[in-house]
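Architecture and fold: a report
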Amino acid sequence: MKYRAAGFALAGVVCLALYWPGLMTWFSMDDFAWLGLRLSIASGDDLLAALFSPKAQGTIRPLSERLYFLTLEKFFGLESLPFRLIAFSVQLWNLWLAQRLVERVTGERAAGVVAVLLWTVNSALALAMSWSSAFNQLLWPCLMLGACHARWTWLETGNRRARWAEWACFLLGFGALELQVVYPAIAGALTLLYRRERWRELLPLFAVSAAYTAMNRAMAKPQTNPVYMLYWDGGMVGTFGTYLRMATGMWRPEMFRPEDAWWVAAEVFVGVSALAAAGWLAWKRERWALFGAVWFLATLGPILPLKNHISDYYLTVPVLGLAMALGVAAARRPVWAVVPVLVYAAGSGYWARRIVDYNFDRAEQGRLLFAGICEAARLHPGQLILLTSVSSEQYWGVMNDNPFRLVEGLRVYLAPGGDENIEKHPDLGDPARFVLPGPAARKALDRGEAVVYVPSGGKLRNVTALWRELAAKQWGGELATLVDVGQPLLASQLISGWHAIEQGFRWSAGRAVVRLGPAGSATRLTVDAFRGGEGGKRGKVTVVALANGLEAGRWEMPREDSALAVSAPLPSGLDRGAPVNVELRIEPVLREEGAGGRELGLAFGKIGLR
Amino acid sequence: MRRVMVAGLALLALSVMSGCKKKQAVQYVEEGGSQLMTAVNVADPKAAVQLLRGFHDVENNAWRWTGPKFAVALRPPKEIAPEGAKLFVEYAVPDVFIQKVPQTTLTIQVNGKALDPETITKAGSGRLERTVPLELLKGDVVTIDFSLDKFLAAGDVDQRELGMIVSVVGLEGVKPPPPAAPAK
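Calculation notes
- Residues numbered from 1 in each chain as written.
- Chains lettered and ligands numbered in written order.
- Predicted model: local features only at pLDDT ≥ 70, side-chain atom pairs only at ≥ 80, totals over all residues.
- Heavy atoms only, no water.
- Helix = DSSP H or I, 4+ residues; strand = E, 2+ residues; numbered from the N terminus.
- Buried < 20%, exposed > 50% of the residue type's maximum accessible area, 1.4 Å probe, protein only.
- Contact = heavy atoms within 4.5 Å.
- Polar contact = N/O pair within 3.5 Å; in protein donor to acceptor, adjacent residues only side chain to side chain.
- Salt bridge = Lys/Arg side-chain N within 4 Å of Asp/Glu carboxyl O.
- Patch = residues over 30% accessible without salt bridge, like charges linked within 9 Å, V, L, I, M, F, W, Y side chains within 5 Å.
- Areas by Shrake-Rupley, 256 points an atom, 1.4 Å probe, with all protein chains shown as cover.
- Phe/Tyr/Trp six-rings, centres within 6.5 Å; stacked < 30°, edge-to-face > 60°.

1. A few points about the side chain of A:R4
Residues and elements named next belong to chain A. On the secondary structure map, R4 appears in helix α1 (residues 2-24). Classification of R4 as buried rests on a relative accessible area of 18%. Once you skip the residues sitting within four places of it in the chain, R4 turns out to touch W96, Q99, R100 and E103.

Structure follows, in structure tokens:
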């Protein structure tokens, strides 16, 4: 018991020491999308949709993403420490579960300790240990390991309660990650390797996984983003090879690592040592090694068709399989293992820390930017905040998922041209949607309704006076090519068919016209619209857009879609030097009840030429 | 031997713990007008207020890549020669750029009025100079807009659109007097 506790304490200390900055890391990127989930909830139906409606890639993850963020954000707001404390606690629990599983099955306490140490120092864990959106990679193994423990108890004792516990962990695992469908393969390996006669009991697990897979695929929308498309071809072999190399923890395809020969030599040394250990385990007919291999292959297999989205994050759980297998070899032949293990721990641990430090620094930049904006809003209540010279890191780390909507009254834009220096990632979003058009910026600055800041050197510098002068020179009286109809600044460009502004949007009638500046080099007309809470009164809605009388786009909005974010090429006959009247026709319309009830088409946001 | 492994890992743990991170305590916002400069070193954090658009992050504490269009705001010099002030840009064009874009033309506008463009066909560092007529230098601030007709598209080298490497942009009013002859 003392040895076991000491082993766990050592693994825990290594984990905390290595990933310590991850405990203090603020939010970044997708975190803000999850933190904003509560804003979509106004009723019980909304809550159900927020918890269970599948996202674009068919992901659901109610436990590891939606409940995790909804609950903690509700109680702690934008304080990240509770999120990180829970993530670290779950990982420490994972270490205990993994250590005990190895020990229970192999009967070797040292093997359990070495296995979790090997897992802990692998740099594949770094992202999960420093990014709250990757919590699924910690909760999922927790439930898988729990299920494995229960299965082992059942295999050993036949205890039916253990069977129920396995089923509970198995089913809850689907709430953590859809890859839980592979658990029956892992349970199958444990059963067939140690209690082959109980194989029939596996069938219900496979049946549930098959049903979940069918349901998940049916719910997932057809994938058009090449990054997330599945390629079931020979490229999967290359992807597997890449992941195998990454499993050393010392290499990633996009890693800016020094090309020093000793780095490569260390990587080769660790790889060859691991292969030798695997060969030795095979020669010894070590069943546990085969279990570790099945764990690795089963948890990695579903990722292999994602050949355009290779990430060390996906290795977090698979490398536990390798660690559990190789931990046995290292514990049995410590003299042979000591040098490779220490080289691996130093090399992989070094990269793990580098990644965690990078994530900490990036999130810290975001925290400072966000805190600065909140401070600026306090100093200039009610005013728009325009940001100029925002870096790519700041934009993609913070702004893209719009954390500002989490603070009431905060209205943040990029200053005109503020998107031009930002890296392009069309699969993640378009910075142009944050840009306030020049004429609108000028109006806001002239009226004293906006302030301009530059985030630089760790603080925001107020450059409003300079920008007021520049705006007066550059955007005198011209029409904006992008109008947010939900904002008052460019209301003069709304010609007809528009109702009063509501919270960030504006209802149209069945026909509405907005006047935009000349198209110039713009190629597309973009339109953002919403149904609003119409309670299913309408079915499919058709939107037709005309540019100076020429049809530019025709879109259908099915009953189940609440938002429309579309673009269409501008008509070829459009005069690019003349202002463009964009006419929107919506059918069918709604009619508000009571005398003088408004005719409602759709609630519109931004309409523009890009 | 197990103890050696365990001791090694514990040592590793202690060594990485020594590099613990602390959250920065900073003043988030700096209010008050900034004094514009007549020349900006683009790597200087204080100069960021004058980089209006199109500049990527600072690299090597010395320079920035620009995008295909970029702009700066400068304060006109206090003393300007009758023929005007001199606009200068210290820049570099790396080999990788010329390999993919053998020729590009940089157009320059001062407060909306075009100056002579510059055609770039060679890699290396250089200093571009143009005379800016006096009538374009009225007021407290001058906007200089640059635009390249050809550039590295996003994905050619990295995910940014890349124009040129710039280190300094500025205006010089009058030529400094020639250095005095050394005393005999």
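Let us keep going from here.
2. Things to note about unusual backbone geometry
Residues and elements named next belong to chain A. The amide bond that connects E587 to the next residue, P588, takes the cis arrangement and shows omega of -15°. Looking at where P588 falls in the secondary structure, it is placed in the loop between β12 (580-587) and β13 (590-591). Unlike most non-glycine residues, N402 shows phi in positive territory, near 50°. Within the element layout of this structure, N402 appears in the loop between α16 (392-397) and β2 (412-414).

3. Quick look at the side chain of A:N136
Residue and element names in this part refer to chain A. Locating N136 in the fold gives a position in helix α7 (residues 136-157). Within the structure, N136 has its side chain in polar contact with the backbone oxygen of S133 (distance 3.3 Å). A polar atom in the side chain of N136 sits 3.2 Å from the side chain of Q137.

4. Remarks on the environment of A:P381
Topologically, A:P381 is positioned in the loop between α15 (334-379) and β1 (384-387). Separated by 183 residues in the primary sequence, A:P381 and A:L564 have C-alpha atoms spaced 32 Å apart.

5. As for the pattern of salt bridges
If you walk through the whole model with that rule in mind, you get 34 salt bridges over all chains. Note that A:E286 is salt-bridged to A:R332, the shortest N-O span being 2.7 Å. Here A:R332 lies in helix α14 (residues 318-332) and A:E286 lies in the loop between α12 (261-283) and α13 (287-300), a separation of 46 residues in the sequence. Relative accessible area serves as the criterion here: at 14%, A:E286 is assigned to the buried category. On the basis of relative accessible area, A:R332 is assigned to the partly exposed category, the value being 26%. Overlapping salt bridges bring together B:K86, B:E90, B:R127, B:E129 and B:E172 as one network.

6. Concerning a nonpolar patch on the surface
Together, A:L192, A:W199 and A:L203 make up an exposed nonpolar region whose accessible area comes to about 300 Å². With respect to the element layout, A:L203 can be found in helix α10 (residues 203-219).

7. Remarks on the packing of aromatic side chains
Applying the stated criterion across every chain, the model contains 29 aromatic pairs over all chains. Ring geometry for A:Y350 versus A:W351: centroids 5.1 Å apart, planes at 75°, classification edge-to-face. The exposure class assigned to A:W351 is buried, which follows from its relative accessible area of 4%. Note on B:F70 and B:F146: the rings are 4.7 Å apart at their centroids and 10° apart in plane angle, and the pair reads as stacked. Of this pair, B:F70 sits in strand β4 (residues 63-74) while B:F146 sits in strand β9 (residues 142-148), and the two are 76 residues apart along the sequence. By relative accessible area, B:F146 is classed as buried at 3%. Members of the aromatic cluster, connected to one another through ring pairs, are A:W26, A:F27, A:F32, A:Y68, A:F69, A:F83, A:F135, A:F370 and A:F404.

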